[in-house]
Amino acid sequence: MRPEPEDHLERMVRAAVQTLPPAPEVLWAELEGRHRARAQTESEMPAVAAMCLALAASALAAALRPGDWARRPLDLIPSYVRAWLPAFRST
Amino acid sequence: MSVRPTTTTDGALPNAMDQGPRGAPGDARLVALVAAADREAFRLLYERYADRLFRYAVLRLGDAAAAEDAVQETFLAVWKDAAAYEGRSSVSTWLFGIAHHKVNAVVRGRARETPLAGEALAGDEPGPDREEPSDERLRVLAAIRSLTEEHREVLFLAYYQGLGVREAAAVCGIPEGTVKSRLHHARRMLAERLGEGEPT
C-alpha cells in the first residue's frame, strides 16, 4: 500500500535522491577486510579463552596465598589478558 | 538449500517467485544462502542494496564517511545474523531496519546533528546508477537538506525506496500514524520551500 499516489513532489524527490552518490567502490573491499579480521579474531577465541582461563586460575591461586588477600582479583590478571575481555563481551 | 516461500506479512512482495534480475536468486534466497555462510550470495546481496543503503545513510547523516561506516556495520550485522531473518517482512524492509539502527547509533554518538554536507551530495564521479544533478535537482536536495533528519528518513523510504506506510513504520520502529504524520509535514515543508502548491 503506497501512502499516496505518486505525484509531482514525489517524482522531484526521487529524481533528486537519484543524484546522490552511490556506495563508493572501496566500500566492498573495506567490508571484506573487516569481515576477515573479525573472522580471524573469532577463530582465535577458543585458544585465547583457554589461555585466559589458565591465567585466571593461576591468578586466583596466587590470591589465595597469605598476604595477597587485600589485592583485588582483577589486578592479578595480567593486562594483556584483560585487553581481550571486551572482545569476549562483543561475541 | 531449500528456502521457504517468500510471502511476507507486511503486504510487501519481496520478489515474485523469489527470482532476482535475469534469473539470479531472489532476495530471500540470498539471505538464506548468506545464513549458510555463502560469500558469493553475500556479495550479490551487497551489490543489490549497497547503493540504496548508502544513499539512505548519506541523506540521514549528511556525511559520506559516517554513511560508509553505517553501511559496513549493516552488512556485518547481515553476515552475522542472516539466520534471524524469518521472512515476516521483505528483505528490503529487514535491511533498512538494520540500517536504521546503525544510523541511529551514529546520530546518538554525535553532540549535535551535522548539517547535510555539500561534499556528500556532490560526490566524486557520476556512477552508472547516478544521474547528473541539475540546478533543479540541487534545489530539491537543498530543500530536503533543510528538513529534520526524521522527515528526511520518511521521505527517502516512501518516495525513493518505495516502501508503504506499514513497511516504513517497521523500518523506523514507529506507529503507522507517525509515518503518515511525518510524511505529511515533510511534504508541506518541502512544498513551501520549493514554492510548489500543496493542499493543506
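Remember, it's a predicted structure, so these values are computed and weren't measured experimentally. (Residues numbered from 1 in each chain as written. Chains lettered and ligands numbered in written order. Predicted model: local features only at pLDDT ≥ 70, side-chain atom pairs only at ≥ 80, totals over all residues.)

What about the overall build of chain A?
Right, on to step 1. Helix and strand content of chain A: 4 helices and 0 strands.
Right, on to step 2. Counting from the amino terminus, helix and strand elements in chain A follow one another as α-α-α-α.
Right, on to step 3. Taken over 91 residues, chain A has a buried fraction of 13%. (Helix = DSSP H or I, 4+ residues; strand = E, 2+ residues; numbered from the N terminus. Buried ≥ 20, exposed ≤ 12 C-beta atoms within 10 Å, placed from the backbone.)

Details of the overall build of chain B
Right, on to step 1. Within chain B, the secondary structure is distributed over 9 helices and 0 strands.
Right, on to step 2. In chain B, the order of α-helices and β-strands from amino to carboxyl end is α-α-α-α-α-α-α-α-α.
Right, on to step 3. Put simply, 62% of the contacts in chain B that link residues at least 6 apart link residues at least 24 apart. (Contact = placed C-beta atoms within 7 Å.)

Considering the confidence of the model for chain A
Any region with low pLDDT has predicted coordinates that should not be read closely.
Right, on to step 1. Here chain A averages 72 in pLDDT, and 58% of its residues register 70 or above.
Right, on to step 2. Within chain A, the element-level pLDDT minimum falls on helix α4 (residues 85–89) of chain A, averaging 58, and the maximum on helix α1 (residues 8–17) of chain A, averaging 90. (pLDDT = per-residue confidence, 0-100.)

Overview of the interface of chain B and chain A
Accessible area lost upon the coming together of the parts serves often as the stated size of an interface.
Right, on to step 1. Facing the 41 residues of chain B at the interface are 24 residues of chain A.
Right, on to step 2. Of all elements in the fold, only α2 (39–61), α3 (64–81), α6 (135–145), α7 (149–160), α8 (165–172) and α9 (176–194) of chain B reach the threshold of two or more residues within the side of chain B that touches chain A.
Right, on to step 3. In terms of residue count, the dominant contributor to the side of chain B that touches chain A is α2(B) (7 residues).

Some thoughts on the packing of α1(A) against α7(B)
Right, on to step 1. As a packed pair, α1(A) and α7(B) sit with axes 9 Å apart at the nearest point and diverge in direction by 100°. With respect to α7(B), the axis of α1(A) lies roughly perpendicular. Here α1(A) contributes A:Glu10, A:Val13, A:Arg14 and A:Val17 to the contact with α7(B), which in turn contributes B:Leu155, B:Phe156, B:Tyr159 and B:Tyr160.
Right, on to step 2. Residues belonging to the contact of α1(A) with α7(B) are distributed by class as follows: 6 nonpolar, no polar and 2 charged. (Axes fitted to C-alpha atoms, helices over the stretch in contact; angles between N-to-C directions. Parallel < 35°, antiparallel > 145°, perpendicular 65-115°, else oblique. Nonpolar A, V, L, I, M, F, W, Y, C, P; charged D, E, K, R; others polar.)

Quick look at unusual backbone geometry
Right, on to step 1. A positive phi angle, near 65°, is found at B:Ala37, a position not held by glycine.
Right, on to step 2. Residue B:Ala37 is classed as exposed on the basis of its C-beta count, with 11 C-beta atoms lying within 10 Å.

Observations concerning the packing of α7(B) against α8(B)
Residues and elements named next belong to chain B.
Right, on to step 1. Running from amino to carboxyl end, α7 crosses α8 at an angle of 135°, the nearest separation of the two axes being 10 Å. Taken as axis vectors, α7 and α8 run oblique relative to one another. The element α7 and its partner α8 pack so that their crossing is right-handed. In this structure, α7 contributes Glu153, Val154, Leu157 and Ala158 to the contact, and α8 contributes Ala168, Val171 and Cys172.
Right, on to step 2. Class assignment of the residues belonging to the contact of α7 with α8 gives a composition of 6 nonpolar, no polar and 1 charged. (Left-handed = near helix turned anticlockwise from the far one by under 90°.)

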